[in-house]
Amino acid sequence: SMNKKGREGHKKTAEEILGMPHVTLDAVEKVVIEVQKEEREKAKALATTEAEKTGLAQNVLGPSPPSIFDTVEATIKYKSYVSRQNKDMESWRKAQGVRIPPDMVYEHSLLPTLSKEELEKLSTIRPSTFA
């Protein structure tokens, strides 16, 4: 349910719930609409004037068109990956400006992840930056 508290002791947002595996936008919207209807009924019971009662009827979320479900779900579910990728790109951009010392030694003992061919190429070309 939407009111279940997470490990951190806070109510989860609809976005946090949608970020969970196997949770769909349709399911989240149905819960939000139910909660809003319950809250509206409680507020209606407390409302004293017709104007207050009429105003309460406007506040319920309508369901989204099914055509947007995939886009919204993908945006939320992949948000952390996109954010991580943006950080990686920022690191890469910063690394582009880093100068490689002209006397750099390209040996397998110093760069074990590179192949013999890659090390030979680097020794021949001797790049001045990571770009």
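Worth saying up front: this structure is predicted, and the values here are computed from it rather than measured.

Draft legend 1. Just the side chain of Ser64, in detail. Structurally, Ser64 can be placed in the loop between α3 (50–57) and α4 (69–77). Reaching out from Ser64, the side chain makes a polar contact with the side chain of Glu29 at a distance of 2.3 Å. Dropping the residues within four chain positions of it, Ser64 is found in contact with Glu29 and Phe69.

Draft legend 2. Just the nonpolar core, in detail. If you look at the biggest cluster of nonpolar residues, it comprises eight residues: Ile17, Leu18, Val23, Leu25, Val28, Val32, Phe69 and Ile76. Elements with a minimum of two residues in this core: α1 (14–18), α2 (25–46) and α4. If you tally residues by element for this core, the top one is α2, at three residues. Once residues within four sequence positions are removed from consideration, Val28 is found in contact with Ala14, Ile17, Leu18 and Val23.

Draft legend 3. Focus on a nonpolar patch on the surface. Together, Tyr78, Tyr81 and Val82 give the surface a local cluster of nonpolar side chains, amounting to about 340 Å² of exposed area. Locating Tyr78 in the fold gives a position in the loop between α4 and α5 (79–96).

Calculation rules
- Residues numbered from 1 in each chain as written.
- Predicted model: local features only at pLDDT ≥ 70, side-chain atom pairs only at ≥ 80, totals over all residues.
- Heavy atoms only, no water.
- Helix = DSSP H or I, 4+ residues; strand = E, 2+ residues; numbered from the N terminus.
- Polar contact = N/O pair within 3.5 Å; in protein donor to acceptor, adjacent residues only side chain to side chain.
- Contact = heavy atoms within 4.5 Å.
- Core = buried A, V, L, I, M, F, W, Y, C linked by side-chain atoms within 4.5 Å.
- Buried < 20%, exposed > 50% of the residue type's maximum accessible area, 1.4 Å probe, protein only.
- Patch = residues over 30% accessible without salt bridge, like charges linked within 9 Å, V, L, I, M, F, W, Y side chains within 5 Å.
- Areas by Shrake-Rupley, 256 points an atom, 1.4 Å probe, with all protein chains shown as cover.
- Salt bridge = Lys/Arg side-chain N within 4 Å of Asp/Glu carboxyl O.

As far as function goes, none of this settles anything; it's purely spatial.
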